[in-house]
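Now for the letters of each chain:
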Amino acid sequence: MTTIIMRTTTRVVVPIILVVAVSLFVEGHNLPGGGFIAGVLTTTAFVVVYVAFGLDFLERGVLGREVEPGKTPSRDRVVAAYRRLFAVGLALAVGSGLVPLVLGYPFLSQSYVVLEGIPIYHHLEVASALAFDFGVYCVVVGGLLTILSVVGAE
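All figures in this text were calculated on a predicted structure; none of them were measured in a lab. (Residues numbered from 1 in each chain as written. Predicted model: local features only at pLDDT ≥ 70, side-chain atom pairs only at ≥ 80, totals over all residues. Heavy atoms only, no water.)

Trainee: Kindly report on a nonpolar patch on the surface, identifying the contributing residues and their values.
Mentor: Together, Phe86, Leu90, Val94, Leu98, Leu101, Phe107, Leu108 and Phe132 make up an exposed nonpolar region whose accessible area comes to about 670 Å². The element best represented in the nonpolar patch is helix α4 (residues 75–102), accounting for 5 residues. (Patch = residues over 30% accessible without salt bridge, like charges linked within 9 Å, V, L, I, M, F, W, Y side chains within 5 Å. Areas by Shrake-Rupley, 256 points an atom, 1.4 Å probe, with all protein chains shown as cover. Salt bridge = Lys/Arg side-chain N within 4 Å of Asp/Glu carboxyl O. Helix = DSSP H or I, 4+ residues; strand = E, 2+ residues; numbered from the N terminus.)

Next comes the structure, spelled out in structure tokens:
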């Protein structure tokens, strides 16, 4: 059982961690950061929620998965979901590197598109590296949550 201080601190800190993770993810193709560090920070936020509120709250309240009231989520089902996220991320990262090969460019070549008329920003540069970064993000989140679930079950 955690204290009220831990739960209150979690409610304040987790949104801040997630905003920083999103910021680092979006800046990753132009500045240091990207999928890896955003994935680590997202996993950190999930771990803090898990420690403060438990696996049941993390599964139902944060990840939106159906859990029967009063029953603990099946460890195998939870780990399988994280492994699927890992696999999808790996496929996306590898696929984003192979697409340039199909088009006759070197592996992991990058390009960008400028989107005009975006509210607030007016124009936005979207790099193809964003797909690779998102794949890395999914690999990191899926991998770390799989490790934490398996180790936490011990």
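Trainee: Mind laying out helix α2 (residues 35–53), listing which residues take part and the relevant values?
Mentor: When the terminal C-alpha atoms of α2 are compared, their 27 Å separation across 19 residues agrees well with the 27 Å that a helix rising 1.5 Å per residue should span. Listed in full, the buried residues belonging to α2 are Gly35, Ala38, Gly39, Thr42, Thr43, Ala45, Phe46, Val49, Ala52 and Phe53. Positive phi appears at Gly54, one or two residues downstream of α2, with a value of about 100°. (Expected span 1.5 Å × (residues − 1). Buried < 20%, exposed > 50% of the residue type's maximum accessible area, 1.4 Å probe, protein only.)

Trainee: Run through the nonpolar core, naming residues and quoting values.
Mentor: Phe46, Val49, Leu58, Tyr82 and Leu145 are the most contacted members of the largest nonpolar core, which has 13 residues in total. Elements supplying a minimum of two residues to this core: α1 (4–27), α2, α3 (55–62), α4 and α5 (129–153). Here this core gets 5 residues from one element, more than from any other, and that element is α2. (Core = buried A, V, L, I, M, F, W, Y, C linked by side-chain atoms within 4.5 Å.)

Trainee: Could you give an account of the side chain of Thr42, with specific residues and numbers?
Mentor: Counting through the fold element by element, Thr42 comes out in helix α2. Thr42 has contacts with Leu18, Ala21, Tyr137 and Val141, leaving out every residue within four places of it along the chain. (Contact = heavy atoms within 4.5 Å.)

Trainee: Mind laying out the pairing of strand β1 (residues 112–118), listing which residues take part and the relevant values?
Mentor: Across 6 bridges, β1 lies against strand β2 (residues 122–127) in antiparallel orientation. If you follow Tyr112 over to β2, its bridge partner there is Ala127. Hairpin connection from β1 to β2: 3 residues lie between these consecutive antiparallel strands, with Ile120 at a positive phi of about 75°. (Pairing = 2+ DSSP bridges.)

Trainee: So what about the environment of Val49? Which residues, and what values?
Mentor: Inspection of the secondary structure puts Val49 in helix α2. Of the residues examined, Val49 reaches a relative accessible area of 6% and is grouped as buried. Between the alpha carbons of Val49 and Val14 there is a distance of 7.6 Å; along the sequence they are 35 residues apart.

Trainee: I'd like a description of the packing of α1 against α2, backed by residues and values.
Mentor: Running from amino to carboxyl end, α1 crosses α2 at an angle of 165°, the nearest separation of the two axes being 8 Å. What the angle tells us is that α1 and α2 run roughly antiparallel. The handedness of the crossing between α1 and α2 is left-handed. Facing α1, whose interface residues are Met6, Arg7, Thr10, Arg11, Val14, Ile17, Leu18, Val20, Ala21, Leu24 and Phe25, α2 presents Gly35, Ile37, Ala38, Leu41, Thr42, Thr44, Ala45, Val48, Val49, Val51, Ala52 and Phe53. (Axes fitted to C-alpha atoms, helices over the stretch in contact; angles between N-to-C directions. Parallel < 35°, antiparallel > 145°, perpendicular 65-115°, else oblique. Left-handed = near helix turned anticlockwise from the far one by under 90°.)

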